[in-house]
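# Chain and residue survey
Residues per chain, in single letters:
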Amino acid sequence: MGETGVHTAAIRVQPKQACIHPPIKIDDPLMMSYYKKLPPPVCEGEDWVYVDNGTLRFSKSVLKNYGNFTCDHYILYRINEREIAWGSPYVNIQDGYRIPTDFFKVKCQSEDNHTYDGIHAGVAYTHDRANRPEVDLSQGLDGLSVAIMGYDSMSRLSWLRRMPKTRGLFAELGAIELEGYNVIGDGTTIALLALLTGRYEWELPDSRINSPVAVPMDDYPLIWYDMKKAGYLTSWAEGLSGSFTWKLLGFNQQPTDFLTRPFFYAIKPWKEYIEPCTGSQRTSQVWLNYFRDIFLMYRNKRKFLLHFFSEFSHDNNNKMTEIDDELKDSIRILYDGGYLDNTLFILMGDHGARYGKLRSTWQGKMEERLPYFSFLFPKWFEEKYPKAIQNLRTNTHRLTTPFDIHETLKDFLRFGGTGVGNVSNRGISLFKEIPSERTCVHAQIASHWCACLAWEKVSHEDKNLQMALGSALDTINNFTSGFRQICAELAVEEITEAVKLKSSRALLQKIKDVTLYQITFHTTPGHGHFEVTVTHDVERNKMEVAGSEISRINKYGSDADCILFNGDIRQFCYCRSST
């Protein structure tokens, strides 16, 4: 199916762009003062076996050093999101053994009684994957695959600073990068759910672990289910961060064809960060190899892959410098080998850094709200869909969100054409032109998260600000009021920043007489650092605070260990036992 909606009867007059994102700089001195290039970790030892395109091979150097050895193979089984099990051994497997599953353990012993015990990942050939029927997608985008690789807490500018080689290769290959991609809320889960479902978390069935009515996520309208029905092989691959299991129940049934959580759970206990080395390989390389091997094993199958990793970037963006060469080389191998000839390859972040000293700065606040997002299409796609790519290039400077990505992904199954998007729609496919008059209100982004609002400083002594501060503090304390026996009541220790924004029809489109206050302050006990947006309804002289417009911008570490069972309020609790 070709493009539709390309020609119009009249020339559309472009209004001035409503959302202008702030002029933040890649070489900001403060941000650069925290930049450090780290060398890749050095991994010791040698794995006795390795996987080569679904086949287990014995190391020739180990055979040379230790002589012949015998090995047993144990399949790794997923029981549920928090349990795994090992199968009975397949004994005395041979070099050239075809792995039956992606994740497994191998135990070996040499003739002179040296031993090896290692957990491995590879992509197995299975009948279901190889023979999945594919439906006709002539009304979509020709069965184009989608491969998304995401990294936690990577703003656009942090990516530019720390991943110059990967970004340089992407630019060389003709990638298109969004410069106005704005978060819609706090954290990874809200970003990925919007991308996958087109909905906010609270618009979906309640899956919160602490909720008495919580249900698993199996019935969520995740786009990978639609992709699977159309014949796509699907993947949800992350480490131990638990995007859908930290605060949510996750899935009863395995949700995708490829799922890495059991593997990372096996190599490291739940809730702990994985080590930089897995056996004799860098964990980052194991991660990239698994992504690559899906293409090698199932080259001609449609794919919808979402691989998202936190461990390289969540706590320290500088760790991403360790993998710049690895990621660049992996992309080059896939591209030069023709594996991306029918694939849209996306590199992305979910948000910028959410904690720490840099987040406390104005630029850090803006970077949190503007994550990295870049598209690499195969060359033929622009030739067949020139207007779609033209619109995408126009949209690189417009306000865009994860909701737009979801609408774009839906086009792969049924293409909605090009033309101009409806500004009143929360999500607009990026193959349509995003109207220049679009604001955060149109995109349903709360003012707290909108990066295109012009705030002005306000005196800390301003009486309305003080009233807003009291409302912010009351709201935070109300979250923990039912747990007062274990969570201390907080008080304001110090205001670190205060700004306000008067209502504007163009930007807010709310009731006429409204002022927004955004207050950053420390609390005591515990020295928590919060950023809260408060809406002042001037006509009623009423302050309002939404829970979604509160950010905890420093780490709380073990201070909230007494309430680990309730992820919704952990950031607001300072345990009395910590005093």
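The structure under discussion appears in the preceding block.
Residues numbered from 1 in each chain as written. Predicted model: local features only at pLDDT ≥ 70, side-chain atom pairs only at ≥ 80, totals over all residues. Heavy atoms only, no water.

## Examining the overall build of the protein
What counts, and what does not: Numbering of helices and strands runs from the N terminus, with a helix taken as a DSSP run of H or I at least four residues long and a strand as a DSSP run of E at least two residues long. We compute the radius of gyration from the C-alpha atoms alone; for a globule the expected value is 2.2 Å times N to the 0.38, where N is the number of residues. Accessible area is worked out with a 1.4 Å probe on protein chains only. A residue is then buried under 20% of its type maximum, exposed over 50%, and partly exposed in between. Only heavy atoms matter for contacts: two residues are in contact if any of them lie within 4.5 Å across the pair. For the accessible areas, the method is Shrake-Rupley and the probe is 1.4 Å, while residue cover comes only from the protein chains on display. When charges are tallied, Lys and Arg are placed among the positive residues and Asp and Glu among the negative ones, while His and the ends of the chain are skipped. Where a charge lies is defined by one atom per residue type: Lys uses NZ, Arg uses CZ, Asp uses CG and Glu uses CD.
Along the backbone of the protein there are 15 helices and 23 strands. Taking 579 residues into account, the globule formula puts the C-alpha radius of gyration at 25 Å, and the protein, at 25 Å, falls close to it. Judged by the C-alpha coordinates and their principal axes, the protein covers about 85 × 70 × 50 Å. Taking all 579 residues of the protein together, 56% fall into the buried category. A fraction of 72% describes how many contacts in the protein between residues 6 or more apart in sequence connect residues 24 or more apart. Surface summary for the protein: the accessible area is close to 24,300 Å², and the carbon and sulfur share equals 49%. Of the side chains in the protein, 66 bear a positive and 71 a negative charge, and the two mean positions are spaced by 3 Å.

## Some remarks on the pattern of salt bridges
Rule in force here: Whenever a carboxyl oxygen of Asp or Glu lies within 4 Å of a side-chain nitrogen of Lys or Arg, that contact is scored as a salt bridge.
Applying the stated rule across the entire model yields 37 salt bridges. Its salt-bridge partner being E81, residue R261 comes within 3.7 Å of it at the nearest N-O pair. Separated by 180 residues along the polypeptide, R261 in helix α8 (residues 261–267) and E81 in the loop between β3 (69–80) and β4 (83–86) bring together distant segments of the chain. R261 sits in the buried class, given a relative accessible area of 4%. The buried category is assigned to E81, whose relative accessible area is 9%. In this structure, the salt-bridge partner of R208 is D568, at a minimum N-O distance of 3.0 Å. Of the two residues, R208 sits in the loop between α6 (188–197) and α7 (223–229) while D568 sits in the segment after β23 (550–552), which places them 360 residues apart along the sequence.

## Topic: the packing of aromatic side chains
For clarity, the cut-off: Whether two aromatic rings pair depends on their centres lying within 6.5 Å, for rings of Phe, Tyr and Trp, where Trp uses its six-membered ring; planes under 30 degrees apart make the pair stacked, over 60 edge-to-face, and the rest tilted. Placement of a positive charge over a ring is assigned whenever Lys NZ or Arg CZ falls within 6 Å of the ring centre and within 35 degrees of the normal to the ring plane.
Following the criterion strictly, the structure yields 40 aromatic pairs and no others. The side chain of K105 reaches across the aromatic face of Y74, ending 5.5 Å from its centre. The ring of W86 has K105 sitting right over it, with the charged end atom 4.4 Å from the ring centre.

## Section: the sheet that holds strand β9 (residues 145–151)
Defined as follows: By definition, two strands form a pair when at least two bridges between them are found by DSSP. Axis geometry follows a simple rule: fit a line to the C-alpha atoms, using only the stretch in contact for helices, then measure angles between N-to-C directions, giving values from 0 to 180 degrees.
With respect to topology, seven strands assemble into an open sheet ordered β10-β17-β16-β9-β15-β11-β12, the strand pairing being mixed. With partners counted over all chains shown, the strands left at the sheet margins are β10 (176–177) and β12 (258–259), one partner each. Pairing geometry for β10 and strand β17 (residues 373–376), over two bridges, is antiparallel. Each residue of the ladder has a partner; that of E177, found in β17, is S374. Helix α9 (residues 283–297) rests against β9, β11 (233–238), β12, β15 (303–309) and β16 (343–349) of the sheet, and its axis sits at about 180° to β15.

## Let's talk about the sheet that holds strand β6 (residues 97–98)
Here three strands make up an open sheet; going across it, the order is β1-β2-β6 and the pairing antiparallel. At either margin of the open sheet sits one strand with a lone partner, and together these are β1 (49–52) and β6. Here β1 pairs with strand β2 (residues 55–58) via four bridges, running antiparallel. Counterpart to Y50 in the pairing with β2 is R57.

## Thoughts on the state of the cysteines
As a reminder of what qualifies: Note on terminology: pairs of cysteine sulfur atoms within 2.5 Å are recorded as disulfides.
Overall, the coordinates contain six disulfides when judged by the stated rule. Covalent S-S linkage joins C43 and C277, the inter-sulfur distance amounting to 2.1 Å. Where C43 bonds to C277 through sulfur, the torsion about that S-S bond is close to -90°, and the disulfide is left-handed. A residue pair is termed long-range when its members are at least 10 positions apart, and C43 in the loop between α1 (29–33) and β1 and C277 in strand β13 (residues 277–278) qualify at 234 residues. In this structure C43 comes out as buried when scored by relative accessible area, which is 19%.

## A word on helix α11 (residues 362–369)
Side chains that are three or four residues apart share a direction in an α-helix, a result of its 3.6 residues per turn. Of all eight residues making up α11, seven are buried, and the element is well covered by its neighbours. Of all the positions in α11, only Q363, G364, K365, M366, E367, E368 and R369 are classed as buried.

## Quick notes on helix α15 (residues 463–480)
Defined as follows: A helix is expected to span 1.5 Å multiplied by its residue count minus one. In the analysis that follows, any N or O atom pair within 3.5 Å is treated as a polar contact, provided that within protein one partner can donate a hydrogen and the other can accept it, and provided that, for residues neighboring in sequence, both atoms belong to side chains.
Helix length check: α15, at 18 residues, gives a terminal C-alpha distance of 27 Å against a target of 26 Å (1.5 Å per residue), a fit within 8%. Along α15, the positions that sit buried rather than exposed are L465, A468, L469, S471, A472, L473, T475, I476, N477 and T480. Looking at where α15 begins, the residue whose side-chain oxygen comes 2.9 Å from the main-chain nitrogen of N464 is D462.

## Points about the packing of helix α5 (residues 164–172) against helix α10 (residues 324–336)
Here is the rule we go by: Small angles under 35 degrees read as roughly parallel and large ones over 145 as roughly antiparallel, with 65 to 115 read as roughly perpendicular and the rest as oblique. Amino acid classes used here: Ala, Val, Leu, Ile, Met, Phe, Trp, Tyr, Cys and Pro are nonpolar; Asp, Glu, Lys and Arg are charged; the rest, including Gly, are polar.
Running from amino to carboxyl end, α5 crosses α10 at an angle of 25°, the nearest separation of the two axes being 7 Å. Relative to α10, α5 is oriented roughly parallel. Residues P164, K165, T166, L169, F170 and E172 of α5 lie in contact with α10, whose contacting residues are D324, D325, L327, K328, I331 and R332. Here the residues of the contact of α5 with α10 sort into five nonpolar, one polar and six charged.

## Digging into the packing of α6 against helix α14 (residues 402–410)
Rules: Working rule for handedness: look at the near helix, and if it is turned counterclockwise from the far one by less than a right angle, call the crossing left-handed; if clockwise, right-handed.
For the pair α6 and α14, the least separation of the axes is 6 Å and the interaxial angle reads 30°. Of the possible angle classes, the one that applies to α6 and α14 is roughly parallel. The two elements α6 and α14 cross, and the hand of that crossing is right-handed. On the side of α6, the interface is formed by A191, A194, L195, L196 and T197, while α14 contributes P402, F403, I405, H406 and L409. Taken together, the residues of the contact of α6 with α14 break down into eight nonpolar, two polar and no charged.

## Here's the deal with the environment of V123
You can see V123 is positioned in the loop between β8 (115–121) and α3 (127–130). Apart from the residues lying within four places of it in its own chain, the contact partners of V123 are G54, I99, D102, R129, F258, Y290, D293, I294, M297 and Y298.

## Things to note about the nonpolar core
Test applied: For this analysis, a nonpolar core means a set of buried residues of the types Ala, Val, Leu, Ile, Met, Phe, Trp, Tyr and Cys, connected via side-chain atoms within 4.5 Å.
The biggest cluster of nonpolar side chains holds 49 residues, and the ones touching the most others in it are Y151, W159, L327, F345 and L347. Examining the composition of this core, we find that eight residues originate from one element, α9, more than from any other. When sequence neighbours within four positions are dropped, the list of residues in contact with F345 reads A147, M149, F170, F291, I331, L340, S374, F375 and L376. Y181, F308, M348 and F375 belong to the second-largest nonpolar core, a separate cluster that totals 48 residues.

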